[in-house]
Amino acid sequence: VVLRSTVSEEPEEVNPANVAYRATMEAWLDKEKPYLNPDFQLTDLRQVLPLNRTYLSQFINTEYGCTFYQFVNRRRIDEAKRMKTEHPEWTMQDISQRCGFSSPRVFYRTFARETGMTTKEWWLNRGDNS
């Protein structure tokens, strides 16, 4: 019996518009950091991408393999790590507020889900797993 893979061997087609949208959006996110605002929403991306809400959501899902909520939280966690590294005197509670989380509890839970470790574990192991 020979089993054949049903997965296509052909590379996925790259949409040139998505490549441009991704570059535009990431440049804006890196420069402006709008995700640090706790009220940041999917529709805020329309400041730089001329897309409707449905297509924006689809774009994030397709390009990043996650929901908008997950995408924003990953950006916030990356920013929290950067802040703690640059300002070790800041508490994680301070950082959670600066990163746009609604509460320290939400921050800690999201941090653990995204990194697989607590903030304390990350801080102690940051040279190995950051």
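Heads up: the structure comes first, above all this text.
Residues numbered from 1 in each chain as written. Predicted model: local features only at pLDDT ≥ 70, side-chain atom pairs only at ≥ 80, totals over all residues. Heavy atoms only, no water.

Caption draft 1: Region of interest: helix α3 (residues 68–86). Counted at 1.5 Å a residue, the expected span for α3 with its 19 residues is 27 Å, and the 27 Å between its end C-alpha atoms agrees. Where α3 is concerned, the buried positions are F68, F71, V72, N73, R75, R76, I77, E79, A80, K81, M83 and K84. (Helix = DSSP H or I, 4+ residues; strand = E, 2+ residues; numbered from the N terminus. Expected span 1.5 Å × (residues − 1). Buried < 20%, exposed > 50% of the residue type's maximum accessible area, 1.4 Å probe, protein only.)

Caption draft 2: Quick peek at the packing of aromatic side chains. Evaluation of the coordinates by the stated rule reveals 10 aromatic pairs. Taking the centre distance of 5.4 Å and the plane angle of 55° together, the rings of F107 and Y108 count as tilted. With relative accessibility at 0%, the residue F107 sits in the buried group. Exposure remark for Y108: the relative accessible area of 33% places this residue in the partly exposed category. Every member of this aromatic cluster is reached through a ring pair, and the members are F101, F107, Y108, F111, W122 and W123. Positioned over the ring face of F101 is R76, at 5.7 Å from the centre of the ring. The ring centre of W90 lies 3.7 Å from the NZ or CZ of R98, which sits over that ring. (Phe/Tyr/Trp six-rings, centres within 6.5 Å; stacked < 30°, edge-to-face > 60°. Lys NZ or Arg CZ within 6 Å of the ring centre and 35° of its normal.)

Caption draft 3: Structural context of helix α2 (residues 53–64). Compared with the 16 Å implied by 1.5 Å per residue over 12 residues, the 16 Å span of α2 between its first and last C-alpha is a close match. Listed as buried for α2 are L56, F59, I60 and Y64. For α2, the angular spread of buried residues about the axis comes to 95°, placing them on one side. Seen from the buried face of α2, the exposed residues on the opposite side, beyond 90 degrees, are T54 and T62. Lining the buried residues of α2 we find α1 (16–32) and α3. For α2, the N-terminal cap is N52; the gap from its side-chain oxygen to the backbone nitrogen of T54 is 3.0 Å. Just past α2, the residue G65 takes up positive phi, approximately 65°. (Arc of directions from axis to C-beta. Contact = heavy atoms within 4.5 Å. Polar contact = N/O pair within 3.5 Å; in protein donor to acceptor, adjacent residues only side chain to side chain.)

Caption draft 4: Quick peek at the packing of α1 against α2. One can describe the packing of α1 onto α2 by two numbers: an axis separation of 11 Å at closest approach and a directional angle of 95°. By the angle between their directions, the pair α1 and α2 is classed as roughly perpendicular. Together, N18, Y21, R22, M25 and E26 of α1 and Y55, F59, I60, E63 and Y64 of α2 make up the contact between the two elements. Across the contact of α1 with α2, the residue classes break down as six nonpolar, one polar and three charged. (Axes fitted to C-alpha atoms, helices over the stretch in contact; angles between N-to-C directions. Parallel < 35°, antiparallel > 145°, perpendicular 65-115°, else oblique. Nonpolar A, V, L, I, M, F, W, Y, C, P; charged D, E, K, R; others polar.)

From the geometry alone we can't say anything about function, so treat these as descriptive.
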